[in-house]
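Examining the three-dimensional arrangement
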Amino acid sequence: MKFFNRINLILHSIRFRLALWFVLILAILLIGFSGMLFYMQTQELRAESLIRLESKLETIERAFGSDTVNAQIAGTQGFPIITSDDNTVFQKEDVLALYNPDGSLLKMWGPFTEALSLDFSQTSRDAGREPSIQLLTLKNVDDQIQYVFKIVPLYSRDVFKGYLALGIPLDPRGQLGRLLVTLVILIGSTLMISFAGGFWLADRAMRPVKIIAAKARSISETDLSQRFHLPKKDEIGQLAGTFDSMLARLESAFARQRQFTADASHELRTPLTIVNLETTRALSAPRPAKEYQRALQVIQSENELMSRLVNDMLTLARMDANRESMQKELLDLSDLALDVVERLTPLAARQEIKLETGGLPEVLISGDRQPLMQMLTNLVENAIKYTAQNGFDKTRHILVETGAHLTRTLGWVRVTDTGPGIPDEHLAHLFDRFYRVDESRARSDESENESAPSGSGLGLAIVEGIARLHGGDIQVQSELGKGTIFEITFPLYVESATKSLTQ
Ligand code: ADP
């Protein structure tokens, strides 16, 4: 069973099919060429035979005289031995036959006894006295021989007397037979050698595929660090290279996912522990109502924190999952900016921060309103949150403005705050998920600063994700003690995008 499976596998393998196709095409070519060669050889032999026939007939005519040849030869008892100047006219394999005018055999000489099935209708009796040529296959004792016959009408004083048929073997030296055998042996051995060579070559070419398959089987979801490392010279090497880079991408995606899950559980663990501690403490003994109230307030605030965290995680997960399902429409970035500023002004006012809009010229982009609003909200909320950390002796001012680059291909929205600023070394990681500049800032002091959202480290990751989904690019400039500027650049709406928007 195993043997048959193996054979079946080989028969269905690419290397076998490649070799077979190769041999098939070669066979067609070889057989075609050989056929042509054989045909040309036959034609040549036929032409040679006709010349020999002609000269034999001439000798007969010379020997017996054309008019009386029939009567004279017919009278001859044995095979008419005629010698010409250089050789004997008839060889022992030649056939000479005389026919009556009605086509019945008068006399025949040669190695055959059976009647020849010659067709006299092709030989004209009157007009032109044309002879005809016919090819006949005659049976000898042990094999079949091809003969060329020339049939000549015989006349005696212009009276039709019958036919003379002279036949000689087409291939007296057996050249055609030898050629056929040689060709068959040559074609057969060439095809066998080419099949073996083709199979070997295809096998060699397919070997890297086997290596790739074996390695791919051994790569598991948990171990994506393996690579094929094949030389990239040929197509299969390039394919392996593509797989390698795909594996690298998968590996980092899996690593990110693992990190995300670990961070998420870490983030949730703290509020859950606080809730657990508070409830255990409150339930451990009867307490005054005020203490229950305080415990419930703590639980509520931790609950809010967890909801925000879960919402942020959900937003990121949705962004990762359906990148294409945004409802894009024609939007004015300045409208969105104004909207966000109006909504967050009360929050800023509570922190005694001046939230203002700067220049807001029309900046048309194609985008999804809801995520873009969230993006701006996150930026302005951050600006409020971190500017609020400044003492009241410092400027507490946030500016939101929009504009377009001179090239008229890009538009931007900018949020400038007068917060504490971000140290340079953190700027590169700012948009990583769960990244916080200062871990101690993660949990705001609720009692002192109740409106400020405590940080999860997901806000800027969401901002960056939304910007990227809109083809945007985000830049940060920050100076410690002076403030931070977040600027997001978007491709401006162009006429040609109208179609995709209306679809
Ligand atoms: P968080 O929810 O902690 O604010 P973000 O992803 O929004 O998370 O921000 C990541 C980090 O970037 C924050 O921990 C904060 O330290 C820093 N950051 C963001 N915006 C500002 C800002 N306007 N001024 C100063 N620091 C900022």
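Our structure is the block above this text.
Of regular secondary structure, the protein possesses eleven helices and twelve strands. Accessible surface, the protein as shown: approximately 30100 Å² in total, 58% of it carbon and sulfur.

Time to look at the nonpolar core. Counting 52 residues, the largest nonpolar core has Met375, Phe486 and Ile488 as the members making the most contacts within it. Ignoring sequence-local partners within four residues, the contact set of phenylalanine 486 consists of Leu379, Val413, Arg414, Val415, Ile422, Leu430, Phe431, Leu460, Ile474, Gln475 and Val476. In this structure, Phe149, Tyr155, Phe160 and Tyr163 belong to the second largest nonpolar core, which totals 17 residues.

Before going further, it helps to examine the environment of aspartate 223. Among the structural elements, aspartate 223 can be located in the loop between helix H4 (175-218) and helix H5 (235-284). As a C-alpha pair, aspartate 223 and glutamate 251 span 28 residues in sequence and 8.3 Å in three-dimensional space.

Glancing now at the packing of aromatic side chains. On inspection of all chains with the given rule, the structure shows six aromatic pairs. With a centroid separation of 6.1 Å and 35° between ring planes, the pair formed by tyrosine 147 and phenylalanine 149 is classed as tilted. Accessibility classification places tyrosine 147 together with phenylalanine 149 in one group, the buried group. Arranged with centres 6.2 Å apart and planes meeting at 25°, the rings of phenylalanine 195 and phenylalanine 199 form a pair that is stacked. Separated by four residues within a single helix, phenylalanine 195 and phenylalanine 199 lie in helix H4, roughly one turn from each other. Looking at phenylalanine 195, the relative accessible area reads 26%, which means it is partly exposed. Judged by relative accessible area, phenylalanine 199 falls into the partly exposed class, the value being 22%. Sitting above the plane of the tryptophan 412 ring, arginine 414 keeps its charged end 4.0 Å from the centroid. Directly above the aromatic system of phenylalanine 260 lies the positively charged group of arginine 433, at a separation of 5.4 Å from the ring centroid.

Conventions adopted
- Residues numbered from 1 in each chain as written.
- Predicted model: local features only at pLDDT ≥ 70, side-chain atom pairs only at ≥ 80, totals over all residues.
- Heavy atoms only, no water.
- Helix = DSSP H or I, 4+ residues; strand = E, 2+ residues; numbered from the N terminus.
- Areas by Shrake-Rupley, 256 points an atom, 1.4 Å probe, with all protein chains shown as cover.
- Core = buried A, V, L, I, M, F, W, Y, C linked by side-chain atoms within 4.5 Å.
- Buried < 20%, exposed > 50% of the residue type's maximum accessible area, 1.4 Å probe, protein only.
- Contact = heavy atoms within 4.5 Å.
- Phe/Tyr/Trp six-rings, centres within 6.5 Å; stacked < 30°, edge-to-face > 60°.
- Lys NZ or Arg CZ within 6 Å of the ring centre and 35° of its normal.

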